[in-house]
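Structural overview
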Amino acid sequence: IAVNRSLLIKQLIIILGEFGITEENFLNQCNIKDIDKCEESDLPKIFESAYILSDDKSFMVTLGQRIDLSYLGSLGFALMSCSNLGESLKLLQRYKLLSGQWLNFQVINSKDLGTLIRIRVDIGNDLIKKLITELVISQMLYIGRVISDVNMPGIEVRFSHPGIKNTKRYESILRTKVLFNCLHSELYLPINVNNFELKGRDPAVNIIFQEQCEDCLLYTSPSPRDQRGSRMPSS
């Protein structure tokens, strides 16, 4: 999901500060001098440095719960003004390039009429994949609650990586059931997202912000030469 990088890092610094880690110590660890000039390619080493310094290894799910919808800019307002939750997920799929080519997700109808949002991260080592996956799923859960204005029972967060010893900690942060060592990393919603209307739906406003997202997508999309040189991972 496209987030203002400097705001993301500043929020991460606040979280680390709550555990007694100074901003100076953190920036020295990841060799960053100016967080306002960080590139997308800097994020893996930033997350890994935070992991090394932090005693609380669940800090990425905490970070995901503290990313305000306004951090997403036009995309955030477009999501909030969609007609239903299914439409907002289609927007995320459409504009996933704004998040970088390394993030992929599928929306799958489950057999019990619920919905699975399956995440795949295609960057870095296993630790980086774990950290980014936890951030993205936590952020999706938070945003879903904000735009739906409902604390829906029956939601499950499922991670493919180990972490069973931290289940209670994760559940206290995410306020829902959390499972580890699953076949896939995914968010399970006990509803058909296409039938779940959003309270902030506004078709006229939605069109305006989608047009702004299209402009950003045009600016972010790789050139035809880049597309020939490297294949994007499929969803």
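Higher on the page you've got the structure.
Since the model is a prediction, treat every value here as computed from it, not as a measurement. (Residues numbered from 1 in each chain as written. Predicted model: local features only at pLDDT ≥ 70, side-chain atom pairs only at ≥ 80, totals over all residues. Heavy atoms only, no water.)

**Here's the deal with the overall build of the protein chain**
Along the backbone of the protein chain there are ten helices and five strands. Looking at the protein chain as a whole, 50% of its 235 residues are labelled buried. A separation of at least 24 residues holds for 70% of the contacts in the protein chain among residues at least 6 apart in sequence. With an accessible surface of roughly 12,100 Å², the protein chain has 51% of that area assigned to carbon and sulfur atoms. (Helix = DSSP H or I, 4+ residues; strand = E, 2+ residues; numbered from the N terminus. Buried < 20%, exposed > 50% of the residue type's maximum accessible area, 1.4 Å probe, protein only. Contact = heavy atoms within 4.5 Å. Areas by Shrake-Rupley, 256 points an atom, 1.4 Å probe, with all protein chains shown as cover.)

**Re the sheet that holds strand E2 (residues 115-121)**
The five strands lie next to each other as E1-E2-E5-E3-E4, forming an open sheet whose pairing is mixed. Each edge of the open sheet carries a strand with a single partner, namely strand E1 (103-109) and strand E4 (177-179). Direction aside, the axes of adjacent strands within the sheet are offset by 15° on average. Pairing analysis gives five bridges linking E2 to strand E5 (residues 185-189), with the strands arranged antiparallel. Counterpart to Arg 118 in the pairing with E5 is Glu 186. Against the sheet, helix H7 (residues 126-148) contacts E1, E2, strand E3 (156-158) and E5, and its axis sits at roughly 150° relative to E2. (Pairing = 2+ DSSP bridges. Axes fitted to C-alpha atoms, helices over the stretch in contact; angles between N-to-C directions.)

**Description of the environment of Asp 202**
Topologically, Asp 202 is positioned in the loop between E5 and helix H9 (203-220). For Asp 202, a relative accessible area of 31% corresponds to the partly exposed category. Placed 122 residues apart in sequence, Asp 202 and Met 80 show a C-alpha to C-alpha distance of 8.6 Å.

**What about the packing of helix H2 (residues 23-30) against helix H3 (residues 43-53)?**
Across the interface, H2 lies against H3 with an axial gap of 9 Å and an inter-helix angle of 125°. Relative to H3, the element H2 is oriented oblique. Once H2 is placed against H3, the crossing between them reads as right-handed. Across the interface between the two elements, Asn 25, Phe 26, Gln 29 and Cys 30 from H2 touch Lys 45, Ile 46, Ser 49, Ala 50, Ile 52 and Leu 53 from H3. (Parallel < 35°, antiparallel > 145°, perpendicular 65-115°, else oblique. Left-handed = near helix turned anticlockwise from the far one by under 90°.)

**Focus on the pattern of salt bridges**
In total, this model carries twelve salt bridges according to the counting rule given. One salt bridge connects Arg 158 with Glu 156, and the closest N-O pair in it is separated by 3.0 Å. Among the residues examined, Glu 156 registers a relative accessible area of 16% and is labelled buried. Salt bridges sharing common partners tie together Arg 118, Glu 156, Arg 158, Lys 177 and Glu 186. (Salt bridge = Lys/Arg side-chain N within 4 Å of Asp/Glu carboxyl O.)

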